[in-house]
Amino acid sequence: MKALILVGGFGTRLRPLTLSIPKPLVEFANKPMILHQIEALVKVGVTDVVLAVNYKPEVMASVLKKYEEKFGITITFSVEEEPLGTAGPLALAAHILGKDNDPFFVLNADVTCDYPFKQMLEFHNAHGAEGTILATKVEEPSKYGVIVTEENSPKIKCFVEKPIEFVGNRINAGIYLFNPAILSRIQLRPTSIEKEIFPEMADDEQLYTFDLEGYWMDVGQPKDFIAGTCLYLSNLAKTQPELLTNPATSSFVNGGNVLVHPTAKIGSGCKIGPNVTIGPNVVIGDGVRLSKCVIMEDVVVKSFAFVRNSIVGWHSTVGSWSRLDGITVLGDDVHINDEIYVNGASVLPHKSISANVTEPRIVM
Ligand code: GDD
Ligand code: MG
């Protein structure tokens, strides 16, 4: 089977992390975001993965090419000269997506969930129409694509991208299954699948929706990245608790949902959790308190520091008795001196902070 992952765009909403690496490579729960998706696709038998890129393809290729051999798949980089939107990339890769009559998956690269690909495939084959959109319910639908169906029917009546007025709260989860017939609707030019293709397919009664059970989050901005990490860890606690640090036997876990890379070192008297991920080679000093936060590779958190509701980027240092809070995001190689308070700051790579930042702002 085939799949195309939309990995274009500059990931500006996930800055400062995306100033250093492309969004799909940012580690989510200690693994590049896109690898979660590729692994789930491989599980249902996908062997042909197309990555639709328009930014830094070399970086992505160097990191992802090794997975071809590991998973026994082909990864093709379909590179756009100009951004082709969310539908144009399908036309650019039509020679791969349309090479046989099997349906193919299309994924937004920034969504996390339990990827119910197998169930979607069964549903798609059963209804026989051109497309299936995975749907979830949210409280604030205005920043998503909204799906409207007849009552108790999975057939989509209309699709409204980022509605200004409320039309419903069942939204597009950014995961699709299409028959190759969709390719005849898409031309090789910048095109929005949500605004130009889905409404037409709905009019033709060729679009169905499959409800996602369980968690879902678009992790394309820091607040949602942290929230998505919490949801992912809570799900892991239910499905594969052996991957998390066991609260019953650990001296530092507080409240569960703590994922620690085996190469990380944790000092004594720490209180870590709930909802924390700690990456490779991280060194956590004594008496550190971490909750609802992401600590990336090679970070040093010195003794008695406090980090909550924040992301600490690669190679950064948090000084002793310092405190990060309020969705602070440190880019690559940021250094926070001892006894500093940082609230809601977004700190660009390679900066040192030696004075308190008490209100949310960008530090450059
Ligand atoms: N190759 C390529 N080229 N990819 C692109 C381009 C492009 O020009 N523009 C955007 N993408 C990719 C992004 O990398 C992302 O994976 C996906 O297309 C969706 O773009 P976003 O910028 O993240 O869109 P959104 O989050 O505002 O809305 C989309 O996702 C929602 C779910 O999270 C829409 O599909 C909504 O309908 C949906 O509800
Ligand atoms: Mg998005």
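What you see is a predicted model, and the numbers here were worked out from it, not measured in a lab. (Residues numbered from 1 in each chain as written. Chains lettered and ligands numbered in written order. Predicted model: local features only at pLDDT ≥ 70, side-chain atom pairs only at ≥ 80, totals over all residues. Heavy atoms only, no water.)

Next up on the list: the nonpolar core. By size, the foremost hydrophobic cluster in this structure holds 65 residues, and its most contacted members are Ile5, Leu51, Phe105, Ile175, Trp216 and Phe225. Lining this core are residues from two domains, each supplying at least three of them: domain 1 (2-218) and domain 2 (239-363). Residue contacts for Phe105: discarding those within four places in its chain leaves Met1, Lys2, Ala3, Leu4, Leu41, Val44, Val46, Phe117, Met120, Leu121, Tyr176 and Leu177. (Core = buried A, V, L, I, M, F, W, Y, C linked by side-chain atoms within 4.5 Å. Buried < 20%, exposed > 50% of the residue type's maximum accessible area, 1.4 Å probe, protein only. Domains from an automatic or database assignment. Contact = heavy atoms within 4.5 Å.)

Within the structure, ligand 1 sits among 25 residues, and Gly8, Glu80, Glu161, Asn172 and Glu194 are positioned closest to it. Within the side chain of Arg13, an N or O atom sits 3.2 Å from an oxygen atom of ligand 1. Asn108 is positioned such that a nitrogen or oxygen atom in its side chain is 3.0 Å from an oxygen atom of ligand 1. Calculation on ligand 1 without its partners gives an accessible area of 730 Å², and the protein chains cover 89% of this total. (Near = heavy atom within 4 Å. Polar contact = N/O pair within 3.5 Å; in protein donor to acceptor, adjacent residues only side chain to side chain. Areas by Shrake-Rupley, 256 points an atom, 1.4 Å probe, with all protein chains shown as cover.)

Take the domain arrangement of the protein next. When cut into domains, the protein gives domain 1 (2-218) and domain 2 (239-363). For domain 1 versus domain 2, the distance between C-alpha centres works out to 32 Å. Contacts between the two partners involve ten residues from domain 1 and, on the opposite side, 18 residues from domain 2. Across the domain 1 to domain 2 interface the summed buried area is about 1,000 Å²; carbon plus sulfur atoms make up 69%. Counting the surface domain 1 buries against domain 2, the share from its top three residues, Pro16, Leu17 and Asn30, is 54%. Applying the counting rule to domain 1 against domain 2 returns zero salt bridges. Counting every contact that joins domain 1 to domain 2 gives two residue pairs in polar contact (both at pLDDT 80 or more). Residue composition of the side of domain 1 that touches domain 2, grouped by class: six nonpolar, two polar and two charged. (Buried area = accessible area lost by both parts, 1.4 Å probe. Salt bridge = Lys/Arg side-chain N within 4 Å of Asp/Glu carboxyl O. Nonpolar A, V, L, I, M, F, W, Y, C, P; charged D, E, K, R; others polar.)

Coordination sphere of the magnesium ion (ligand 2), protein contribution only: Asp110 (OD) and Asp218 (OD), at 2.3 Å. Taken together, the positions of Asp110 in the loop between β6 (104-108) and β7 (111-113) and Asp218 in strand β13 (residues 216-218) put the pair 108 residues apart, joining distant regions of the chain. Asp110 sits in the buried class, given a relative accessible area of 8%. (Donors = N, O, S within 2.8 Å, 3.2 Å for Na, K, Ca; no water. Helix = DSSP H or I, 4+ residues; strand = E, 2+ residues; numbered from the N terminus.)

We now examine the sheet that holds strand β15 (residues 265-266). Read from one edge to the other, the open sheet built from six strands follows the order β15-β18-β20-β22-β25-β28, with strand pairing classed as parallel. If you trace the sheet from one side to the other, it starts and ends with β15 and β28 (352-353), each paired once. Examined bridge by bridge, strand β20 (residues 300-301) and strand β22 (residues 317-318) share two bridges and lie parallel to one another. The partner of Val300 across the bridge, within β22, is Thr317. (Pairing = 2+ DSSP bridges.)

A few words on helix α2 (residues 57-64). Within α2, burial applies to Pro57, Met60 and Leu64. Viewed along the axis of α2, the buried residues span an arc of 65 degrees, placing them on a single side of the element. Projecting away from the buried face of α2 at angles above 90 degrees are the exposed residues Glu58 and Ser62. For α2, the elements touching its buried residues are α1 (33-43), β4 (48-53), α3 (66-71) and β5 (74-79). (Arc of directions from axis to C-beta.)

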